[in-house]
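Summary of the model geometry
For reference, the chains in residue letters:
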Amino acid sequence: MAFQDFDQITERRKTENARKLKRRIIIAVVAVILLVGIIVAAIVIVNKMKTDKATKKASKPATEPPKPTEDPPTQDPTKNETSTSSKIVQQMCGSTDYKDRCKEVFKNTKDPISKPKEVIKTAISGASDEAKSAFTKASELTFDKEEDKEAFEDCKALFDNAKEELEESVDQVGNSTTSGKMRTGVLNSWLSAVISYQQTCIDGFPDGDVKSKMTETLEATKELTSNSLAMISLLSELKVPGSGGSSGSSRRLLAQDKDGFPSWLTHEERRVLKKNDEKPTPNVTVAKDGSGNYKSISEALSAMPEKYEGRYIIYVKEGVYDETVNVTKKMPNLTIYGDGSQKSIITGNKNNADGVKLFNTATFVALGEGFIAKSMGFRNTAGREKQQAVAARVLGDRAIFLNCRFEGYQNTLFVQAHRQFYKSCVVSGTVDFIFGDAAATFQNCIIYIRKPKENQQNIVTAQGRTDKRETTGIVLHNCKILPDKEFESEKSQFKSYLGRPWKEYSRTIVMESTIEDVIDQDGWTEMDGDFGTKTLFYGEYNNNGPRSNTDNRVKWPGYKVLNKDEAMAFTVGPFLKGNAWLKNLNGVPVRFGLFGN
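Residues numbered from 1 in each chain as written. Predicted model: local features only at pLDDT ≥ 70, side-chain atom pairs only at ≥ 80, totals over all residues. Heavy atoms only, no water.

**Considerations on the state of the cysteines**
To keep it simple, the criterion reads: We call a pair of cysteine sulfur atoms a disulfide when they lie within 2.5 Å. In this description a helix means any DSSP run of H or I spanning at least four residues, a strand means any run of E spanning at least two, and both kinds are numbered starting from the N terminus. Only protein chains enter the calculation, and the probe is 1.4 Å; a residue is then buried if its accessible area is under 20% of its type maximum, exposed if over 50%, and partly exposed in between.
This structure, assessed with the given rule, holds two disulfides. Here C155 pairs with C201 through a disulfide, and the sulfurs are 2.0 Å apart. Classification of the bridge connecting C155 and C201 rests on its S-S torsion, roughly 100°, and on that basis the disulfide is right-handed. Of the two residues, C155 sits in helix 5 (residues 146–179) while C201 sits in helix 6 (residues 184–203), which places them 46 residues apart along the sequence. Taking relative accessible area as the criterion, C201 reaches 3% and is therefore assigned buried. Unpaired in terms of disulfides, C404 finds its nearest cysteine sulfur in C425, a separation of 5.0 Å. Unpaired in terms of disulfides, C479 finds its nearest cysteine sulfur in C445, a separation of 4.7 Å.

The structure is reproduced here in structure tokens:
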């Protein structure tokens with residue numbers, strides 16, 4: 001029984017062990033299958049990750065740096081735009097003289113700024129808004145004295161010019177953003193003129209509280225306009241000595257040295273200026289004897305069509321026309337030509353001694369853009385005793401005078417603003433007789449110094465640049481500076497100079513010109529002590545004649561004997577900025593480069 005029980009137990013144990021073994025085998029098989037599945041899945045995932053990484057790498061530029069293993073937090077794109085905008089504004093404002101004023105303009109700017117042109121547009125817009133505000137404030141001032149009232153009347157016209165040209169500047173920058181081109185020459189001219197307008201307005205008031213208040217009222221506009229000029233100069237290619245500005249030219253343009261015309265002129269306009277060309281067909285003729293359409297120039301101007309396509313031409317027959325002639329801003333592209341500068345003459349005698357403001361003493365005023373005068377004479381016959389008496393006041397941009405004559409004594413020719421070119425002209429006077437704040441070039445002109453009042457000095461130029469950013473100045477190129485016949489025998493009894501600083505940043509260049517011994521060996525003289533002598537820019541280059549030697553010239557920090565490259569920057573090409581600059585055309589009377597190579 002015992003052995004039987006043992007056998008039964010053994011049999012049960014065998015059966016139980018077999019069942020356990022079978023279960024273990026099943027578990028092991030399942031475990032192996034799961035393990036193999038996990039390994040296969042892992043291989044598939046790793047391969048897929050490698051494939052995706054390779055695909056992404058192939059789709060990226062080779063220069064892109066690898067990304068960190070952990071993705072960075074998501075960034076707000078507006079913050080990046082704001083940061084970029086801030087950097088551009090900071091950089092552009094950093095080039096200005098009035099940085100705090102510059103930053104104020106951009107303080108409330110809502111839209112992000114991505115281009116320097118947008119900064120410039122905003123800056124000019126700020127100046128434009130400030131100019132409008134300044135005019136409102138100025139209108140609220142009290143003008144008790146009659147001379148203050150008259151001065152403010154002049155300011156109104158100047159304010160209108162300033163506001164108009166600031167708005168045009170904003171439009172010009174705005175329109176340039178699509179093409180990528182900005183006409184820096186035009187902008188420099190307009191903005192420099194705006195500064196000139198403001199200063200002319202202030203100068204019209206006598207010293208006192210009203211003048212001080214007007215100066216304070218215009219301060220912000222002047223500073224914002226200056227900042228706009230600084231930003232434009234930051235984008236320029238070529239710097240002009242003493243300017244802080246630029247010529248906007250290239251070396252290719254500087255190399256030109258043949259005769260040619262400014263590119264702003266049309267074919268018809270070039271024909272008007274050609275030396276040997278026949279007189280162009282006029283729209284109307286003015287003749288004192290009644291043989292023309294009108295007996296006075298003013299009548300002919302009043303009858304001009306309000307809108308005229310092309311160039312309007314007025315022919316003035318021989319005669320002395322005693323009238324005040326005003327070419328308004330509404331008369332662009334006008335040509336007036338006569339029978340000769342000593343035959344067809346416009347004359348007047350308004351003067352400061354009789355109570356007329358300098359601004360209004362001019363016999364002839366040219367405000368219209370693109371004005372051309374040929375073979376005409378302009379006189380103010382008030383005489384040497386009547387103080388300031390202007391023969392011609394020129395303001396219109398791109399004004400050209402060919403074979404014309406300007407006769408007066410003190411303040412004969414007021415080159416007020418913008419770009420002006422004088423070729424083969426005669427200018428005569430005594431004190432500051434070529435003055436103003438234009439970019440004015442006199443080429444092949446004769447400068448006659450006349451006998452002044454007793455105990456008075458003669459000064460040829462008084463340039464009025466008030467801001468170093470302005471692209472303005474007076475250039476006498478290949479001219480002759482000499483005494484007129486009546487003064488020849490008495491010239492040693494008076495001191496005569498090339499110029500003096502009317503304003504702080506006065507700029508005048510005399511180059512390749514004949515300087516006779518009527519000029520003192522110092523060359524230049526002060527306006528008021530050492531005012532402007534450190535900040536002005538007076539230059540001479542390769543002059544000839546008895547007083548061309550520069551060894552004994554003034555020792556001012558602002559005076560300089562120029563080298564050839566520096567002188568080239570003040571030739572017609574780079575200095576008188578035009579739309580496409582100057583083109584090389586033969587047989588016409590403009591010299592682009594220096595006369596001596």
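**Section: the sheet that holds strand 11 (residues 399–402)**
To be explicit about the condition: Note on pairing: two strands pair once DSSP finds at least 2 bridges between them. An axis is simply a line fitted to the C-alpha atoms; with a helix, the fit covers only the stretch in contact. Between two such axes, the angle follows the N-to-C directions and lies from 0 to 180 degrees.
Strand order in the open sheet made by the eleven strands is 1-2-5-8-11-14-17-20-23-25-26, with parallel pairing throughout. Lying at the two open borders of the sheet, with one neighbouring strand each, are strand 1 (284–286) and strand 26 (559–561). Direction aside, the axes of adjacent strands within the sheet are offset by 10° on average. Inspection of the sheet shows strand 14 (residues 419–423) paired to strand 17 (residues 439–443) by five bridges, in the parallel sense. Across the sheet, K423 pairs through a bridge with Q443, a residue of strand 17.

**With respect to the sheet that holds strand 15 (residues 426–429)**
With respect to topology, eight strands assemble into an open sheet ordered 3-6-9-12-15-18-21-24, the strand pairing being parallel. The two strands at the open ends of the sheet, each matched to only one other strand, are strand 3 (319–322) and strand 24 (514–515). Pairing of strand 9 (residues 377–380) with strand 12 (residues 405–407), which is carried by three bridges, proceeds in the parallel orientation. Its bridge partner lying in strand 12, F378 is registered against F406.

**Quick word on the packing of helix 3 (residues 99–106) against helix 7 (residues 209–234)**
Selection criterion: Working definition: roughly parallel below 35 degrees, roughly antiparallel above 145 degrees, roughly perpendicular at 65 to 115 degrees, and oblique for all remaining angles. Contact criterion: two residues are considered in contact whenever any of their non-hydrogen atoms come within 4.5 Å of each other. Amino acid classes used here: Ala, Val, Leu, Ile, Met, Phe, Trp, Tyr, Cys and Pro are nonpolar; Asp, Glu, Lys and Arg are charged; the rest, including Gly, are polar.
In the contact formed by helix 3 and helix 7, the axes pass within 10 Å of each other and the chain directions differ by 90°. When the axis of helix 3 is compared with that of helix 7, the two are roughly perpendicular. On the side of helix 3, the interface is formed by R101, C102, V105 and F106, while helix 7 contributes E219, A220, E223, L224, N227 and M231. Residue composition of the contact of helix 3 with helix 7, by class: six nonpolar, one polar and three charged.

**As for the side chain of E223**
With respect to the helices, strands and loops of the structure, E223 is situated in helix 7. Other than its neighbours up to four places away in sequence, E223 contacts Y98 and R101.

**Focus on unusual backbone geometry**
Backbone geometry places Q387, a non-glycine residue, at a positive phi of 65°. Along the polypeptide, Q387 turns up in the loop between strand 9 and strand 10 (392–394). On the basis of relative accessible area, Q387 is assigned to the partly exposed category, the value being 34%. The backbone of H418 sits at a positive phi, close to 70°, despite the residue not being glycine. Residue position: H418 is located in the loop between strand 13 (413–415) and strand 14. With a relative accessible area of 5%, H418 lands in the buried category.

**Here's the deal with the nonpolar core**
The condition that has to hold: Residue types Ala, Val, Leu, Ile, Met, Phe, Trp, Tyr and Cys, when buried and joined through side-chain atoms within 4.5 Å, form a set referred to as a nonpolar core.
F364, F401, Y422 and F442 are the most contacted members of the largest nonpolar core, which has 59 residues in total. Among residues more than four places away in sequence, those in contact with Y422 are V394, F401, F406, L413, V415, A440, T441, F442, Q443 and C445. Within the second largest apolar cluster, 55 residues are counted, among which are F152, L166, I195 and L229.

**Some points on the pairing of strand 19 (residues 458–463)**
Where burial is concerned, most of strand 19 is hidden: six out of the six residues are buried. In this sheet, strand 19 lies alongside strand 16 (residues 431–436) in parallel orientation, the contact comprising four bridges. By the bridge assignment, G436 is partnered in strand 19 with Q463. Here strand 19 runs beside strand 22 (residues 496–499); their pairing, made up of three bridges, is parallel. Residue pairing across strands places N458 opposite S496, the latter belonging to strand 22.

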